[in-house]
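Structural overview for review
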Amino acid sequence: MKTFCGRANPTTGALDWVEESEEYDYHQEIARSCYADMLHDHDRNKKYYEGIRAAVSRIKARGERVVVLDIGTGTGLLSMMAVTAGADFCYAVEVFKPMAEAAQCIVKKNNFSDKIKIINKHSSDVTVGPDGDMHEKANLLITELFDTELIGEGALPSYEHAHQNLVMAGCEAVPHRATVYAQLVESELLWSWAQLQPVEVEGLRLVPPPAVGRCAGAHSVCDIQLSQVSPSSFTPLSPLCTMFSVDFSRPVSSAFQSHSTRFVAQTGGRAQVVLSWWDLEMDRSGTIVCSMAPSWMYPQPAMAPWRDHWMQSVYFLPEESRVAEQEELSLTVCHDDYSLWYSLQSHSLQDAPAKAPPSRPCCTCQAHLVWTRSRFGELNDRRRTGSYIAALRSVLSEDSVCLSVSDGSLLPVFAHMLGAKKVFSLENSRMSRQVIEEVKQGTVSLQVNDRFVQQISVLMGEPYFSTSLLPWHSLFFWYCRTALAGILRPSATILPSSASLHMMAVEFQDLWRIRAPCGTCEGFDVSPMDEMIQRSLDFRESREAEPHPLWEYPCRALTQSTAVMTFDFTQCVPKQPISSQGSLPLIRSGRCHGVALWMEYQLTDDVTVSGGLTQPISEQGTCEWSRHRRQGVYFLRSAWDSSGDGRAAVSYSFTFEPSLGDIKMDFSIITQ
């Protein structure tokens, strides 16, 4: 059965009504799920297995039957480990129906159907009793309910309910305990993701509005691959602090809690950011530990396990504060049932009254609701800002009438400060408009239905649009330019004048794991899951690129980078498709996992801004990527081992369909 769905087209801006299979969302969820990443995490799997063996042995030593409750079973891997370790029976709970069906197939394929029951429910709906989902309460609780923030997937309410309803008092639990760690740091790089910084333009200083500077920001965690943030990018002000632990073998509460750790500042500086991660003790002994620490915390960073399902967390303090070396401080973490937030207190004031735990931060300036973390970083990038100011300076005159088309952009402010006669700005939302009006300090904001009293001499854009997911979605600027053609002067300047789509073939250090089939995991056949994911990829997704911030995922270039398509913004969007075909020789040895794609914008003849590579590729193929934009990644169905002699090449084909606002692409490996 098919149905008509309304989908906002991020490139054309139109609401497209398309006929989709009723299974489209289901397939998309599976195709982009990254289940394989968890199964490729050998460190995680090994330590879960060790913890399960130890727990089963303890229960057996007491002369008891081992009845397991596995919440969030996924593929059923942990239940199969438990049965192999000697468990008598497992109740494996999985709420996502396609995954529960895959687990059923996997359990059957591995001949565990008589020992493992798959229950397709949320754990809070599971019943116990003669006619219930479980015939008896479990004495071994196994879960994998964690996210980067530990509790963001509802681990606490699930544990709370399980202890009250589904497991025996004094049960064993794997993992046994989780501990959260934090470190207070000063970091210009990370703080630039939280607060708008002052900008110098032609000797004038643009200062953020007081409302933005005073705002505590959004409470949501910033989860990143902290291993890719060099320790030289921050200064630790505190030691690594143990904030709190949760013992999963005992009743757990999801109610609000706060925990404080007192310390002496290691050095003076600006307290801005808290870096945080956690570890899991799989056993009561505390000897089987799975750590989420970034690689630079390891004696040998190269030996740190890579995982994308559990990363590290960055929290921004409600306000920046100065701390002195040897100052006594307390770092407080609060959490409700799903999220954490941090605050800092000084003990320098004697007999200061104790303060109540801080409430969750809330954005009051709206800027943190309009701009993402990476967008804040982009707006604060001085080098990038300098490129736009240089380009504007070269095209503006005292009689310029400018129109800016980008979401939450500072370009109209810069144009005003550079002396343009009049500046207009189109914003896509009322909230975005209000934020920019506060920052603009005198420039004029214009809604789509307002009328221009004079024609536009400079149409400008970064371009940036909040609806863009893939790099080429910013071609929405081109469609806007076409729609606005009637109000542009014949000699109007378009900035940027053009954009180009770039590509190169790459070998990923680790990102390939999220798409690689597993086959066998820790001795268990999980191929039904591989088949399920491939069916969903074949539904559509395998022929599409997906967005990834490649600065977090190191890769090597195996080909040269090249521009494969160019879009001329000085002209309107053409009626006919634009196509490009060719090939790129594989000039470096390595395993080609796919293709990286990004956009570059020609602001003027002399100024270009890249949304991808920020430096030339090194001789070894090392790449440095923009931290502000996500790049496109097209994974090959099968990785290709390149000898680097140029005899093999990546063949490519691109077609831009103006009526659809989409770029169709295909890649293959060809050999001589």
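Residues numbered from 1 in each chain as written. Predicted model: local features only at pLDDT ≥ 70, side-chain atom pairs only at ≥ 80, totals over all residues. Heavy atoms only, no water.

Each aromatic ring pair is described using two quantities: the centre-to-centre distance and the angle formed by the ring planes. According to the stated counting rule, one finds 26 aromatic pairs in the structure shown. For the ring pair tryptophan 277 and tryptophan 296, a centre distance of 6.1 Å and an interplane angle of 85° mean the geometry is edge-to-face. Residue tryptophan 277 is found in strand S15 (residues 269-281), and its partner tryptophan 296 is found in the loop between strand S16 (289-291) and strand S17 (312-323); the two are separated by 19 residues along the sequence. Accessibility classification places tryptophan 277 together with tryptophan 296 in one group, the buried group. (Phe/Tyr/Trp six-rings, centres within 6.5 Å; stacked < 30°, edge-to-face > 60°. Helix = DSSP H or I, 4+ residues; strand = E, 2+ residues; numbered from the N terminus. Buried < 20%, exposed > 50% of the residue type's maximum accessible area, 1.4 Å probe, protein only.)

On to the UniProt feature "domain: Protein arginine N-methyltransferase" (unreviewed entry) in the protein chain. The positions that UniProt labels "domain: Protein arginine N-methyltransferase" (unreviewed entry) are, in the present scheme, residues 176-346 and 498-667. In this annotation, residues 176-346 is assigned 5% helix and 46% strand; the end-to-end C-alpha distance for the span is 34 Å. (UniProt positions renumbered as here; feature names shortened; annotations may be inferred.)

What follows covers the confidence of the model for the protein chain. Summary statistics for the protein chain give a mean pLDDT of 92 and a share of 92% for residues scoring 70 or more. Contacts for the low-pLDDT stretch residues 442-450, under 50 throughout, to residues beyond four places or in other chains number 20 contacts. (pLDDT = per-residue confidence, 0-100. Contact = heavy atoms within 4.5 Å.)

Before going further, it helps to examine helix H6 (residues 155-165). Of all the residues in H6, the buried ones are Ala155, Leu156, Ser158, Tyr159, His161, Ala162 and His163. Buried positions along H6 lie against strand S3 (67-71), strand S6 (138-143), strand S7 (167-174), strand S13 (241-247) and strand S18 (328-335).

Turning to the sheet that holds strand S14 (residues 257-264), a few remarks are in order. Backbone hydrogen bonds hold the strands of a sheet together, and the pairing may be parallel or antiparallel. Overall, antiparallel pairing links the 3 strands, which are arranged S14-S18-S19 in an open sheet. The strands lining the two open edges of the sheet, one partner per strand, are S14 and strand S19 (340-346). On average, adjacent strands in this sheet sit at an angle of 20° to one another, irrespective of strand direction. By the bridge criterion, 8 bridges tie S14 to S18 in an arrangement that is antiparallel. Bridge pairing in S18 places valine 264 opposite glutamate 328. (Pairing = 2+ DSSP bridges. Axes fitted to C-alpha atoms, helices over the stretch in contact; angles between N-to-C directions.)

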